[in-house]
Amino acid sequence: MDDLDLPNRRITIAGHAQRLGELSHQTLLAWLAQRRITWSKTPNRHVLINAKTALGTGPVSTECLKRHLLHQGVYLERLRGDRVLHEALTVGADPLHLALVFNLSPTAASRYATIAQNLLERPLSLPTASWRTSI
């Protein structure tokens, strides 16, 4: 909870402040409202808690989080990859920045930067006429 700055729509992850998009901001507000109702007296300062961790101060386990998200069809590895790629597109495909922010190896950071650079340089293609008529 100490890493959230909701009025300024910021979150600090691994020591790096990140801006919260509208969807993330609204989702956090809704979750925190639900959290307050469900566990109003919890001493736990973690954003994500469950019935077990609400009694203490520790985080939910990685396995618990994975299991819950997999039930919804969400994969943590894909979320992280999407986040890294989004950052690469936003900062102009800087591998050093990616390595520092996400603690990536130079090889992984370079791969993400290359993918982002290719996406940034490729012109957007419009749907073909056959695609439009097949809808």
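What you see is a predicted model, and the numbers here were worked out from it, not measured in a lab.

Draft legend 1. Fine view of the pairing of strand E2 (residues 10-13). Looking at chain direction, strand E1 (residues 4-5) and E2 are connected through two bridges and run antiparallel. Each residue of the ladder has a partner; that of leucine 4, found in E2, is isoleucine 11. In this antiparallel pair of consecutive strands, E1 and E2, the connection spans four residues, and arginine 9 shows a positive phi of 55°. As judged from the four bridges shared by E2 and strand E3 (residues 16-19), these two strands associate in the antiparallel manner. The residue of E3 that forms the bridge with arginine 10 is arginine 19. Remark: two residues form the turn of the hairpin made by E2 and E3, two consecutive strands paired antiparallel; alanine 14 in that turn has positive phi of roughly 55°.

Draft legend 2. Summary view of the pattern of salt bridges. This model, assessed by the stated rule, comprises four salt bridges. For aspartate 2, the salt bridge is made with arginine 45, and the minimal N-O distance between the two is 2.6 Å. Placement of aspartate 2 in the segment before E1 and of arginine 45 in the loop between helix H1 (22-38) and helix H2 (62-71) is noted, with a sequence separation of 43 residues between them. The exposed category is assigned to aspartate 2, whose relative accessible area is 60%.

Draft legend 3. Just the sheet that holds E1, in detail. One open sheet accounts for three strands, arranged E1-E2-E3; its pairing is antiparallel. Looking along the sheet, the strands with just one partner apiece sit at the ends: E1 and E3.

Draft legend 4. Quick peek at helix H3 (residues 76-90). Taking 1.5 Å per residue, 15 residues should reach 21 Å; H3 reaches 21 Å between its end C-alpha atoms and fits that length. All buried positions along H3 are accounted for by Gly81, Val84, Glu87 and Ala88. Along H3, the residues classed as buried sweep out an arc of 125° about the axis, all on the same side. Of the residues in H3, the exposed ones pointing more than 90 degrees away from the buried face are Arg78, Asp82 and Thr90. In this fold, the buried residues of H3 make contact with E3, helix H4 (95-102) and helix H5 (106-121). Looking one or two residues beyond H3, the residue adopting positive phi is glycine 92, at roughly 85°.

Thresholds, definitions, all that
- Residues numbered from 1 in each chain as written.
- Predicted model: local features only at pLDDT ≥ 70, side-chain atom pairs only at ≥ 80, totals over all residues.
- Heavy atoms only, no water.
- Pairing = 2+ DSSP bridges.
- Helix = DSSP H or I, 4+ residues; strand = E, 2+ residues; numbered from the N terminus.
- Salt bridge = Lys/Arg side-chain N within 4 Å of Asp/Glu carboxyl O.
- Buried < 20%, exposed > 50% of the residue type's maximum accessible area, 1.4 Å probe, protein only.
- Expected span 1.5 Å × (residues − 1).
- Arc of directions from axis to C-beta.
- Contact = heavy atoms within 4.5 Å.

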